[in-house]
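Observations on chain architecture
Listed here are the chains, written in short residue letters.
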Amino acid sequence: MSTSSLVIKIQQFQRVFSLYTNNSIFVLGIIGNIFNILAFTKLKLFRGNRCAFYLTIESIANIYLICYAGVLVLVSEIAQINLASTSIIWCKLQTTLGQPARLFIGSIVCFEALDQYLSTHYRRHLRQLSTFALAQISIIAVSFVWILQSIPYIIFYDIVPSFGCIITNHSLVYYYSYVYYIFLNGLLPICTASVFSLLAYRNVRRLVRRQLPIERRRLDRQMTAMIFARVIMFVVLSLPYTIFRIYLLNLNGLVIDTIHNAINQLTTVLVNALLSCNFSLSFYVFVTISSRFRRQVRQLLLRQCWRSMKRCLHFDLNSVQPIGVVSDTSDWQSQ
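Below you will find a few notes about this structure. (Residues numbered from 1 in each chain as written. Predicted model: local features only at pLDDT ≥ 70, side-chain atom pairs only at ≥ 80, totals over all residues. Heavy atoms only, no water.)

**Observations concerning the overall build of the protein chain**
Condition: A run of DSSP states H or I qualifies as a helix once it reaches four residues; a run of E qualifies as a strand once it reaches two. Both are numbered from the N-terminal end. By the convention used here, residues are in contact when the closest approach between their heavy atoms is within 4.5 Å.
The secondary structure content of the protein chain amounts to 12 helices and 2 strands. Mapped from its N terminus to its C terminus, the protein chain presents α and β elements in the order α-α-α-α-α-α-β-β-α-α-α-α-α-α. Restricting the contact set of the protein chain to residue pairs at least 6 apart, pairs at least 24 apart contribute 78%.

Structural data, given as structure tokens:
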């Protein structure tokens, strides 16, 4: 097989893979995150729970990011051109609209692990640090910080002939390559979430020694198991992306052949798909690892379906007019 035909096959596989994975991630992500929001807001057990609050906010951010990525793909397919290389507005917004959300979700995962560590700790003063007010302030603070962090990209992203939409400031290029990709979007949230989730898991093993109500103990165990699984998923799906970005940085300035370039492009699509699963699969992980959460979701869905059926039946019964009364009235009017 010649080099050109191999490159063409790799590119064809890349297009087909992108089409199916993008559609699957979009559908599964929207459904799963909506179920997460319903479960953590409608179930009385989770009301007032800080970790459930974090998971709800994360699910909302996931839906935004999934829809944002879906719009990018849809516009590219409809236009059949790279709009970032032709429209200066699209060039500046395609990065700055998605980057704060990705950093925000990574921060939320860290907050979830930290909250479980504090709320399950045997020392009272550490448990008291974890409050609902702190959770709300943390959400507002990281939102503000990550939005500010993205402002320089609006200023320095520009369309350069023969290069397309690129960052024109060398210092920002260095920051984007090393600080954002490797640290802020990679090693920092991965290491932070991993450490605190392991510490929370260790704390839960000591819950038997503390005098706690049975329901509270079960909820702590359930939430710690779910957050531990969420962090594992976060690490497994984010680490390949971070490693590959480090690899690409080492290739900077090196001349590579056509096949090597096609393989790098295919690998980029694969690691981006894994990273996107981070924003779509949390509900399915929770349902898989927690039998208690499965029962809660099933009961919630049955209750919501039953209420919807009752409303429909009530509406149908009220819409039916008594025939006898109508006929009597019409007879009276005719007389």
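**Focus on the state of the cysteines**
The cut-off we apply is this: Disulfides are defined as cysteine sulfur pairs within 2.5 Å. For every residue, the accessible area (1.4 Å probe, protein chains only) is compared with the maximum for its type, and the residue is labelled buried under 20%, exposed over 50%, or partly exposed between those bounds.
Enumeration over the complete set of coordinates arrives at 1 disulfide. Two residues, Cys91 and Cys165, share a disulfide whose sulfurs are 1.9 Å apart. Taking the sign of the S-S torsion, about 85° here, the bridge from Cys91 to Cys165 comes out right-handed. One end of the pair, Cys91, is in helix H3 (residues 88–96); the other, Cys165, is in strand S2 (residues 164–167), with 74 residues separating them in the sequence. Here Cys91 falls in the buried class, since its relative accessible area comes to 0%. With a relative accessible area of 16%, Cys165 lands in the buried category.

**Things to note about a positive patch on the surface**
To keep it simple, the criterion reads: Candidates for patches are residues over 30% relative accessible area with no salt bridge; among them, like charges are joined within 9 Å and nonpolar side chains (Val, Leu, Ile, Met, Phe, Trp, Tyr) within 5 Å. The method behind every accessible area is Shrake-Rupley, applied with a 1.4 Å probe, and residues are considered shielded solely by the protein chains displayed. What makes a salt bridge here is a side-chain nitrogen of Lys or Arg within 4 Å of a carboxyl oxygen of Asp or Glu, nothing more. In this charge count, Lys and Arg are treated as positive and Asp and Glu as negative; neither His nor the chain ends contribute. Note that the charge is assigned to NZ on lysines, CZ on arginines, CG on aspartates and CD on glutamates.
Among the surface-exposed residues, Lys42, Lys44, Arg47, Arg303, Arg307 and Arg311 lie close enough to one another that they form a single positively charged patch. It is helix H11 (residues 291–319) that provides the largest number of residues to the positive patch, a total of 3 residues.

**Quick look at the environment of Gln149**
Stated formally: For the purposes of these results, a polar contact is taken to be a pair of N or O atoms within 3.5 Å, where, inside protein, one atom must be able to donate a hydrogen and its partner to accept one; residues adjacent in sequence count only when each atom of the pair is a side-chain atom.
Within the secondary structure, Gln149 sits in helix H6 (residues 132–156). Spatially, the C-alpha atoms of Gln149 and Pro100 are 7.8 Å apart, while their sequence positions differ by 49 residues. If near-sequence neighbours (up to four positions away) are discounted, Gln149 is found in contact with Gln99, Leu103, Tyr175, Tyr180 and Leu184. Side-chain polar atoms of Gln149 contact the side chain of Tyr175, separated by 2.9 Å.

**A few points about the packing of aromatic side chains**
Here is the rule we go by: Only the six-membered ring of Trp is used, alongside the rings of Phe and Tyr, when aromatic pairs are assigned; centres must lie within 6.5 Å, and planes under 30 degrees apart are stacked while those over 60 apart are edge-to-face, with the rest tilted. Geometrically, a charge over a ring is one whose NZ (Lys) or CZ (Arg) sits within 6 Å of the ring centre while staying within 35 degrees of the ring normal.
Inspection of the entire model under this criterion finds 22 aromatic pairs. Ring geometry for Phe35 and Phe283: centres 5.3 Å apart, planes at 45°, overall tilted. With Phe35 in helix H1 (residues 3–42) and Phe283 in helix H10 (residues 282–289), this pair connects stretches of sequence that are 248 residues apart. With a relative accessible area of 27%, Phe35 lands in the partly exposed category. Note on Phe283 and Tyr284: the rings are 5.4 Å apart at their centroids and 80° apart in plane angle, and the pair reads as edge-to-face. Looking at Tyr284, the relative accessible area reads 26%, which means it is partly exposed. Taken together, the aromatic side chains of Phe35, Phe40, Phe46, Phe283, Tyr284, Phe286 and Phe293 make up a single cluster linked through ring pairs. Lying across the ring of Tyr181, Arg245 places its NZ or CZ 3.7 Å from the centre.

Interpretation in functional terms is not warranted from these geometric data alone.
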